[in-house]
Amino acid sequence: MFDVGGVEGNGRTDAVAFLATVPLLDGVPPATLEALARVLRRRDVAAGEVIWHEGDEAEAMLLVVDGRVSVSLRLPGDRAVEVSAVGPGEVLGEVPLLDGGRHSATARASEPTSLLSLSRADFAALVSGRHPTAFALKRRIAGVACVRLRHQLAGLAASLGGSEAAEVAIAAPADLEFCGAPNSAYVRRFATFRAFDSLALWGFLTAGRFARCPAGRTLVAEGSRAPACYLTINGAVEKVIVRGGRRIRVGLAGPGQAFGYESLIDGEPSPVTAATRERTLLLVLPQEAFERLFNGETNISHVFLDVINRDLMAALRQALRPHARLASLH
Amino acid sequence: MCRVLAYLGDPISLEHVLFETDSSLVRQSYSPRMMAAFLNLAGFGMVAWDPRSVHADDPFTYRVTTLPAFDRNLHALASKLAPTCLVAHVRGITYSHREMIAEANLHPFRFGGASVALAHNGHLREFARMRYDLISHVRPELAQKIEGTTDSEWIYALVLSQLADPFGVPEPDELAGAAVSTLRLLREVRGRHGIDTSSPVNLCLTTGHALVATRFSFDYGWYPDEDELLETDLPYVSLWYTVGGEYVERDGESAMTASDTPRSLLVASEPLTVDTSTWLEVPEYSMITAVRTAAGLDFETLDLDV
């Protein structure tokens, strides 16, 4: 086993070789991995040891070198349910580092486990710059979060039993009623946008078109690729999984929250159906506009990647809620 | 916007849930954790049923416009009470000369002779425009009991008016149905007046034997240009619950104990503890119903299709 955190020589070389195999760091240049290895701290935990509790302040993101970590939610009535298990090469604890919240679940080593710890400050330094590595990392974070979200949603879909999702007709972007932009002072009040530079925000908001949509209209169908990424400006959009007559709401995209981006990020079919619960004003970003922003390296892309990643973190947290509710019934 | 607490189950220490937990209801009056814009300092009210008390079907009732954190009488009473059903409420209003702080405006509402009590967290925007349209949906004998100036008391009168006998003890299904019918009526009247901005209506209704709680908003996500309530800061007015054996403090932690079948249910605008991990969110656009049975507590969560 290698060692890092001030250790010179072979230990650091091993660490760099390990980091090169971590999916989250795919495409990060060797020089950055070398720099990363210098700030990582090794942590070994015994089987059964709690790494953090749900609700704890988040201090670091962890990379699992070997071993296994069980991620669980507490339930009322002194119970708990495992929501995932994380193994070698996978990351843990990135959600609160990205959205500023607390740990959404308890992490406990299910066997002797070696971890590499990246502090909140070092993580922020890594992703907050405008250099190509920061952009690449944000895209990788989005990709890894998509995989995790799909896993969580697949678990919820399985709990409903039954067959595949039924086909539903969607309202294509071209069928929506396009309209003018909303008051920018209103948009700026969204928590999502408060920290952003005015010009970058303007660039983001003018990359798509605004459209009105009545309540009850399906915009994204589970099992099909979404035709666009949408951002709710006013109103609300439900994200649901439906099997036969059973239905679980896995998220609600209110003002400032996005939906439909998963399949535009990873090319896979949408994991949920998204339908307007209220009449809604949307910012519609067709695939081409989405890809331009997602893959760009401008200030506007910097804003956009942050919006998408924060939304993904919110979606991951929201998807835990029905999981806990369903588990509490058994 | 206010904070509300409702309970049904085994006897519960009132002092514990009102004063002792690290985010107790009284703490939420001056230090709420899930609302940023203002505090809940416009009064405190509660109804609490204790089957061992005299006239067990009538709740103990307490309402006061003073600050509950400094209310020694309330603290002293709470230390002696262990109800099996409770609705308590700290009132929050916008800082405005138009608002009125008065005992008649304090929740929970319970008209003389009625068995149903109601507390509301939310508001009906442009209520003044709706009020006179609503009168035709309120039974005259109930309309004359309205004493205060709040939208919430009118919602209460509307709920009672939907019951076959407003002064009887409705079954849980009828109580839940009355809540849904009231929301539909409000939607209809809002539509007639072209009122189409966000109006949260989280209701807690109880008879002492059954509990109904809604997490609902009309036109969520649409705000007037001058939004005094800064609702964009509140993603969707919150409602949480925890369920289990009994709600007690053990090893320094307040939580529901384990139980093979649920016996007790706590519902609150925000968890009573800073650590929210033993609480679950009531889904948006849904309703919890609960009733005490010989075996414990029957409770379920239903979608609100309004």
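The notes below deal with the structure included here.

Rules and cut-offs
Residues numbered from 1 in each chain as written. Chains lettered and ligands numbered in written order. Predicted model: local features only at pLDDT ≥ 70, side-chain atom pairs only at ≥ 80, totals over all residues. Heavy atoms only, no water. Helix = DSSP H or I, 4+ residues; strand = E, 2+ residues; numbered from the N terminus. Buried < 20%, exposed > 50% of the residue type's maximum accessible area, 1.4 Å probe, protein only. Contact = heavy atoms within 4.5 Å. Lys, Arg positive; Asp, Glu negative; His and termini not counted. Charge placed at Lys NZ, Arg CZ, Asp CG, Glu CD. Salt bridge = Lys/Arg side-chain N within 4 Å of Asp/Glu carboxyl O. Pairing = 2+ DSSP bridges. Buried area = accessible area lost by both parts, 1.4 Å probe. Polar contact = N/O pair within 3.5 Å; in protein donor to acceptor, adjacent residues only side chain to side chain. Nonpolar A, V, L, I, M, F, W, Y, C, P; charged D, E, K, R; others polar. Expected span 1.5 Å × (residues − 1). Patch = residues over 30% accessible without salt bridge, like charges linked within 9 Å, V, L, I, M, F, W, Y side chains within 5 Å. Areas by Shrake-Rupley, 256 points an atom, 1.4 Å probe, with all protein chains shown as cover. Core = buried A, V, L, I, M, F, W, Y, C linked by side-chain atoms within 4.5 Å. 1 Å grid on protein atoms, 1.4 Å probe; cavity = no way out; pocket = protein on both sides within 12 Å on 5 of 7 lines; lining within 4 Å. Points joined across faces, edges and corners; volume = space filled by probe spheres on them. Axes fitted to C-alpha atoms, helices over the stretch in contact; angles between N-to-C directions. Parallel < 35°, antiparallel > 145°, perpendicular 65-115°, else oblique. Left-handed = near helix turned anticlockwise from the far one by under 90°. Phe/Tyr/Trp six-rings, centres within 6.5 Å; stacked < 30°, edge-to-face > 60°. Lys NZ or Arg CZ within 6 Å of the ring centre and 35° of its normal.

### Comments concerning the overall build of chain B
Thought 1: Along the backbone of chain B there are seven helices and 15 strands.
Thought 2: Along the three orthogonal principal directions, the C-alpha set of chain B runs to about 55 × 40 × 35 Å.
Thought 3: Of all 306 residues assigned to chain B, the portion counted as buried reaches 61%.
Thought 4: Partitioning the intrachain contacts of chain B with sequence separation of at least 6 by distance along the chain shows that 69% fall at a separation of at least 24.
Thought 5: With 23 positive and 42 negative side-chain charges, chain B shows a spacing of 4 Å between the two charge centroids.

### Quick notes on unusual backbone geometry
Thought 1: With an omega of -10°, the peptide bond running from B:His107 to B:Pro108 counts as cis.
Thought 2: Within the secondary structure layout, B:Pro108 lies in the loop between β4 (85–90) and β5 (117–122).
Thought 3: At A:Asp78, a position not held by glycine, the phi torsion is positive, near 60°.
Thought 4: Along the chain, A:Asp78 turns up in the loop between β4 (69–75) and β5 (79–86).
Thought 5: Relative accessible area serves as the criterion here: at 61%, A:Asp78 is assigned to the exposed category.

### What to know about the pattern of salt bridges
Thought 1: Summed over the entire model, instances satisfying the criterion amount to 34 salt bridges over all chains.
Thought 2: One salt bridge connects A:Arg148 with A:Glu94, and the closest N-O pair in it is separated by 2.9 Å. Highlighted residues: A:Arg148 in helix α5 (residues 132–160) and A:Glu94 in helix α3 (residues 94–99), separated in sequence by 54 residues.
Thought 3: Residue classification places A:Arg148 among the partly exposed residues on the basis of a relative accessible area of 22%.
Thought 4: Residue A:Glu94 is classed as buried on the basis of its relative accessible area of 4%.
Thought 5: For the salt bridge of B:Arg250 with B:Glu246, the shortest nitrogen-to-oxygen distance reads 3.9 Å.
Thought 6: Overlapping salt bridges, with partners in common, bring together A:Glu238, A:Arg247, A:Arg249, A:Arg277, A:Arg321, B:Arg215, B:Glu281, B:Glu284 and B:Asp303 in one network.

### Describing the sheet that holds strand β9 (residues 240–244) of chain B
The strands making up a sheet associate through backbone hydrogen bonding, with each pair oriented either parallel or antiparallel.
All names here are of chain B.
Thought 1: The sheet built from seven strands is open, its strands ordered β3-β2-β4-β1-β12-β9-β13 with antiparallel pairing. Of all strands in the sheet, those bounded by a partner on one side alone are β3 (60–64) and β13 (280–281).
Thought 2: With six bridges connecting them, strand β1 (residues 3–8) and β4 associate as antiparallel partners. Bridged to Leu8 within β4 is Cys85.

### Considerations on the interface of chain A and chain B
Thought 1: Each partner contributes residues to the interface: chain A has 27 residues there, and chain B has 34 residues.
Thought 2: The three residues of chain A that bury the most area against chain B are A:Arg74, A:Arg189 and A:Arg279, which together make up 23% of that side's buried surface.
Thought 3: Counting across the chain A and chain B interface gives eight salt bridges.
Thought 4: Between A:Arg249 and B:Glu284 there is a salt bridge, and its shortest N-O distance comes to 3.5 Å.
Thought 5: In this assembly, chain A and chain B are joined by 14 residue pairs in polar contact (both at pLDDT 80 or more).
Thought 6: Elements with a minimum of two residues in the side of chain A that touches chain B: β4, β12 (228–234), β14 (246–253), β17 (280–286) and α10 (299–328) of chain A.
Thought 7: Broken down by class, the residue content of the side of chain A that touches chain B amounts to nine nonpolar, six polar and twelve charged.

### Observations regarding α5(A)
Thought 1: Given a rise of 1.5 Å per residue, 29 residues ought to cover 42 Å, and the 42 Å separating the end C-alpha atoms of α5(A) matches this to within 8%.
Thought 2: Of the residues flanking the end of α5(A), it is A:Gly161, one or two places downstream, whose phi is positive at about 70°.

### Some remarks on a negative patch on the surface
All names here are of chain B.
Thought 1: A cluster of acidic side chains, namely Glu171, Asp173, Asp298 and Glu300, defines a negative patch on the protein surface.
Thought 2: Take Asp298: it is sitting in strand β15 (residues 296–303).
Thought 3: Taking relative accessible area as the criterion, Asp298 reaches 48% and is therefore assigned partly exposed.

### What about the nonpolar core?
Thought 1: A:Leu19, A:Phe193, A:Phe204, A:Tyr261, A:Ile265, A:Phe290 and A:Leu312 are the most contacted members of the largest nonpolar core, which has 123 residues in total.
Thought 2: What A:Leu19 contacts, discounting residues up to four positions off in sequence, is A:Leu25, A:Leu33, A:Leu36, A:Ala37, A:Leu40, A:Leu63 and A:Leu116.
Thought 3: Counting residues in hydrophobic clusters, the runner-up holds 43 residues, among them A:Ala107, A:Leu115, B:Trp49 and B:Leu265.

### Quick word on the layout of surface pockets
Residue and element names in this part refer to chain B.
Thought 1: Each pocket or cavity is described by its volume, and for the second largest pocket that value is around 870 Å³.
Thought 2: Around the second largest pocket, the lining comprises 29 residues; the ones closest to its centre are Thr94, Glu99, His123, Leu124 and Asp151.
Thought 3: With three residues, the top contributor of residues to the lining of the second largest pocket is helix α4 (residues 127–134).
Thought 4: Grouping the constituent residues of the lining of the second largest pocket by class yields nine nonpolar, eleven polar and nine charged.

### Topic: the packing of helix α6 (residues 151–161) of chain B against helix α7 (residues 172–192) of chain B
Residue and element names in this part refer to chain B.
Thought 1: One way to put it is that α6 packs onto α7 with a least axis distance of 8 Å and a crossing angle of 120°. Between α6 and α7, the interaxial angle falls into the category oblique. When you trace α6 past α7, the crossing you get is right-handed. Where α6 abuts α7, its residues Ile155, Leu158 and Val159 lie against Ala178, Thr182, Leu185 and Leu186.
Thought 2: Of the residues contributing to the contact of α6 with α7, the split by class is six nonpolar, one polar and no charged.

### Describing the packing of aromatic side chains
Thought 1: The final tally for this structure, using the stated rule, is 16 aromatic pairs over all chains.
Thought 2: Between A:Tyr230 and A:Phe259, the aromatic rings sit 5.1 Å apart at their centres with planes inclined by 10°, giving stacked as the arrangement. One end of the pair, A:Tyr230, is in strand β12; the other, A:Phe259, is in strand β15 (residues 258–259), and 29 residues separate them in sequence. In this structure, A:Tyr230 and A:Phe259 share a single accessibility class: buried.
Thought 3: Joined through ring pairs, the aromatic side chains of B:Phe216, B:Phe218, B:Tyr220, B:Tyr236 and B:Tyr285 make up one cluster.
Thought 4: Seen from the ring of A:Phe178, A:Arg209 lies directly overhead, with NZ or CZ sitting 3.9 Å from the centre.
Thought 5: A cation over a ring is seen here: A:Arg279 above B:Trp222, with NZ or CZ 4.2 Å from the ring centre.

### A closer look at α6(B)
Residues and elements named next belong to chain B.
Thought 1: Burial of α6 is extensive: eleven of the eleven residues sit out of reach of the surface.
Thought 2: The set of residues buried in α6 consists of Asp151, Ser152, Glu153, Trp154, Ile155, Tyr156, Ala157, Leu158, Val159, Leu160 and Ser161.
Thought 3: Lining the buried residues of α6 we find β5, α4, α5 (140–143), α7 and β6 (199–206).

### Topic: the side chain of B:Thr289
Thought 1: Considering the arrangement of structural elements, one finds B:Thr289 in strand β14 (residues 286–293).
Thought 2: Residues within four places of B:Thr289 in sequence aside, it is in contact with B:Ala176, B:Leu211, B:Val212, B:Asp298, B:Phe299, B:Glu300 and B:Leu302.

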